[in-house]
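Residue strings, one per chain:
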Amino acid sequence: MRFRNFYFLFSLCFLIPGIISLVLFGLRPAIDFTGGSLLELRTEQAETPSREQVQEAAGEIYQVSSVQNSGAGQFIIRGVSISNDQKLELENKLSTTLGPLNEVRFETVGPTLGRELLQKTVFAIILASVGITFYVARQFRSFKYGVCAILAMFHDTFILLGAFSLLGKFFNIEVDVLFVTALLTTLSFSVHDTIVVFDRIRETLRRNARFSFKEVANAAVLETLGRSMNNSMTIIIMLLSLVLLGGETIRWFALALLIGAVTGTYSSTFTAVPLLTVWDDLAQWWRNRKR
Amino acid sequence: MFKTLRVFFLIVFFFSLSLIIAMPRELPVQFALAGRQVDFMLKRPVLNLNLFGRPFQRDFELKQGLDILGGMQLVLRAQMGNVPVEDRTTALDAAKEVIQRRVDLYGVSEPVVQTSQVGDEYRIIVELAGVTNPDEALQLIGTTAQLDFRLENATPSADATASAFAYFNSFQRTGLTGKELKRSAVQFDSQTGEPVVSLEFNSEGVEKFAAVTQANTGRILAIFLDEFPVSLPRISTPILTGQAIISGDFTIEQAKQLNIQLNAGALPVPIEIIEQRTIGASLGQKAVQDSIRAGVIGLSLVILFMMLYYGWKGVLSSISLVVYAVFTIAVYKLLGITVTLPGIAGLLLSIGMAVDSNILIFERLKEELRLGKPFNQAMELGFGRAWDSIKDANVVTIFTALILINPLDLSFLNRSGLVKGFGVTLLIGVVISLFTGLVVTRTLMRLFLKEISPEKPSKA
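Analysis parameters
Residues numbered from 1 in each chain as written. Chains lettered and ligands numbered in written order. Predicted model: local features only at pLDDT ≥ 70, side-chain atom pairs only at ≥ 80, totals over all residues. Helix = DSSP H or I, 4+ residues; strand = E, 2+ residues; numbered from the N terminus. Rg over C-alpha atoms; globule rule 2.2 N^0.38 Å. Buried ≥ 20, exposed ≤ 12 C-beta atoms within 10 Å, placed from the backbone. Pairing = 2+ DSSP bridges. Axes fitted to C-alpha atoms, helices over the stretch in contact; angles between N-to-C directions. Expected span 1.5 Å × (residues − 1). Bend = angle between axes of the 7 residues up to and from the residue. Domains from an automatic or database assignment. Contact = placed C-beta atoms within 7 Å. Nonpolar A, V, L, I, M, F, W, Y, C, P; charged D, E, K, R; others polar.

Some words on the overall build of chain A
When helices and strands are tallied, chain A shows nine helices and four strands. Its helices and strands in sequence order give chain A the pattern α-α-β-α-β-β-α-β-α-α-α-α-α, from N to C terminus. In terms of overall dimensions, chain A is more spread out than a globule: its C-alpha atoms have a radius of gyration of 24 Å, far above the 19 Å expected for 291 residues. Considered along the principal axes of its C-alpha atoms, chain A spans approximately 80 × 35 × 30 Å. Expressed as a percentage of the 291 residues in chain A, the buried residues total 46%.

Section: the sheet that holds strand β11 (residues 181-188) of chain B
All names here are of chain B. If you trace the three strands from one edge of the open sheet to the other, you get β11-β12-β15, paired in antiparallel fashion. The strands lining the two open edges of the sheet, one partner per strand, are β11 and β15 (243-246). The mean angle between the axes of side-by-side strands here comes to 25 degrees, regardless of whether they run parallel or antiparallel. The pairing of β11 with strand β12 (residues 195-201) spans seven bridges and is classified as antiparallel. Note that in β12 the partner of Val-186 across the bridge is Val-197.

Some details on helix α8 (residues 213-245) of chain A
Residues and elements named next belong to chain A. Given a rise of 1.5 Å per residue, 33 residues ought to cover 48 Å, and the 45 Å separating the end C-alpha atoms of α8 matches this to within 8%. Largest kink in α8: about 40 degrees, centred on Thr-224. After α8 finishes, the residue Gly-247 shows a positive phi value of roughly 90 degrees.

Concerning the domain arrangement of chain A
Residues and elements named next belong to chain A. Domain assignment breaks chain A into domain 1 (4-30 + 113-290) and domain 2 (36-109). Taken over C-alpha atoms, the centre of domain 1 sits 39 Å from the centre of domain 2. Contact residues are listed per partner, giving four residues for domain 1 and five residues for domain 2. Its residues assigned to classes, the side of domain 1 that touches domain 2 shows one nonpolar, two polar and one charged.

Remarks on the sheet that holds strand β6 (residues 71-78) of chain B
Two pairing modes exist for strands in a sheet, parallel and antiparallel, and in both the strands are linked by backbone hydrogen bonds. Spatial ordering of the open sheet is given by β2(A)-β3(A)-β1(A)-β4(A)-β16(B)-β6(B)-β8(B)-β7(B), a layout of eight strands whose pairing is antiparallel. Looking at the sheet topology across the chains shown, the edges are occupied by β2 (64-69) of chain A together with β7 (112-118) of chain B. Taken pair by pair, the neighbouring strands of this sheet meet at an average axis angle of 20 degrees, ignoring direction. Summarising the sheet, strand β1 (residues 36-43) of chain A and strand β4 (residues 101-109) of chain A pair through eight bridges and their orientation is antiparallel. By the bridge assignment for β4(A), A:Ser37 is matched with A:Thr108. Of the strands in this sheet, β1 and β4 of chain A together with β16 (271-279) of chain B are in contact with helix α4 (residues 84-98) of chain A, which crosses β4(A) at around 145 degrees.

Following this line, the structure appears as structure tokens:
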């Protein structure tokens, strides 16, 4: 744990830009949360029309908020919530200027549903974190371990949120229900690895009472590092191939899982354990001061 | 040793069984063997059993979700403004019944129609997988139910007797509709004790009904719902009070059913679409192909990695990984789990995670060997020690998966099919991987890694 401060610095390098982006730009919520309509069309034109072009073609009948390419000759139009009949009218109007078009996907979500989903999502995240906290606390019967595991979990959460805030700002990537799913999975990833390392620390501590806490932590990290890396390697291989080859529909979902897996692995070894030693140092300092 | 062998054969047996279930319906086999061309079609058997008097049939096809098959998902809101609070649940059920029938008429395989109540919002969720013309289906579902009473033609024409369709077509409208029906209810005949359905008309309806029944005593006054006859009662006496009773050989279920249908017409709840998702089939099919390709490449890389890093042990754990994949697909088919795109992602993720328990065990084994324990003892110790960590770590994943699945269907949690799909595959993945990672790998190691002497544990 000699390089403790370096690890924290390294984490901050990733955390700070993400948090700044979160504060400044926030996340880009999908229509799942805000309500609205999404219309994916396939045309015979290779080039994706600009938002202005689509708006001009739609004229009065639709307020287009964004147009995004989604593959060759395919694009997604987003805007306020419209009914099926309004959609047919819009398609008719668009086809006069854009040529024949095929509807690939149409989604429309009313504003109340969006708000409701947002509430459900927040609730699920709270439920998951509270449940995990209780489990970890019970498992280790120690406040110290529980808090450090949870801090590492927040570390991962914020890195993932920050990454998608940046992606949203620069690549128009939206945060949808699947992203939330990935976020929840990240929570469990994060704790998964942390539990293995913590288990080892406690075990070593029990057997070798004469070593200092830092030495024990060091040894435990070294012992579990190989396993932790290898395991993440296999997960990363699977997710990476899904991100690269898995197609457009779940690419961002897979990417969110991938970021979660990487930061989850990193934080167990290089955030949770260093935090634990910091805690131990502080406790020692407190004891010495009292004396 | 004998026990290990027995477990091994059990695994082989279940693996073969799963392999049969997991394989596609038809698998062309073509290869050249000793100069001869072998070319035949492997066909998967269809299970058709009679288990304890209950038919148990599985054709072992993977159920594909809406996002793969293409189709339409609708969330409809029933506008209950004019419906008294105590009748709202009945009205919602009635509306669901009507939509269910319309959807059935439309002929989509396995349509899903569910009701849900969130706060004071009453909703109906409709999922039509594989619907080719969503605009048309929407027309069909969107209209409000129409109930009306029609008289049997006294002098049926020749072709009216020929087919049921023509017969029902010959019925004459009486001008009496669901608007005039105040309510209906299931009651029991005070004399026979049989279930009957009572009708109560409003003031306008009382007059119309009296006129119709007086003029046509003895004829059939059919009740049509959406152009479809639901009941064919005969007028036995003129009814002047507007209180009628339909009796017949009803079972309680049938009476309830009729009551719901009558209420559907009597309570025209306007419905409104608040969410619509239409997905073209081509989009899903391509995504599945891409994901499967990604999965196969990923799996091969993981196997390669394990073999390079752990040598023979890696080979064994790769075998249990393949066992894992086959088991998982077989379980999907047996439990009839609907596979969605996020579900496939969950499956691939769980493959990545399935090796975890093996890696934990191998690393522990390595340590025990380093401490100078003999191989067999080190192996058993490795399994035992690793189990604690594996157990703790997986409880959390199972917990998260359960939140995603929302098995109790709690209204404050997510109920989206996509999220559920991912959660289910994750959960099944974790549970099966615990089994293959521990039992299968251990059995294989006990059987095949005996010969490795403790002096040369694997490289590393």
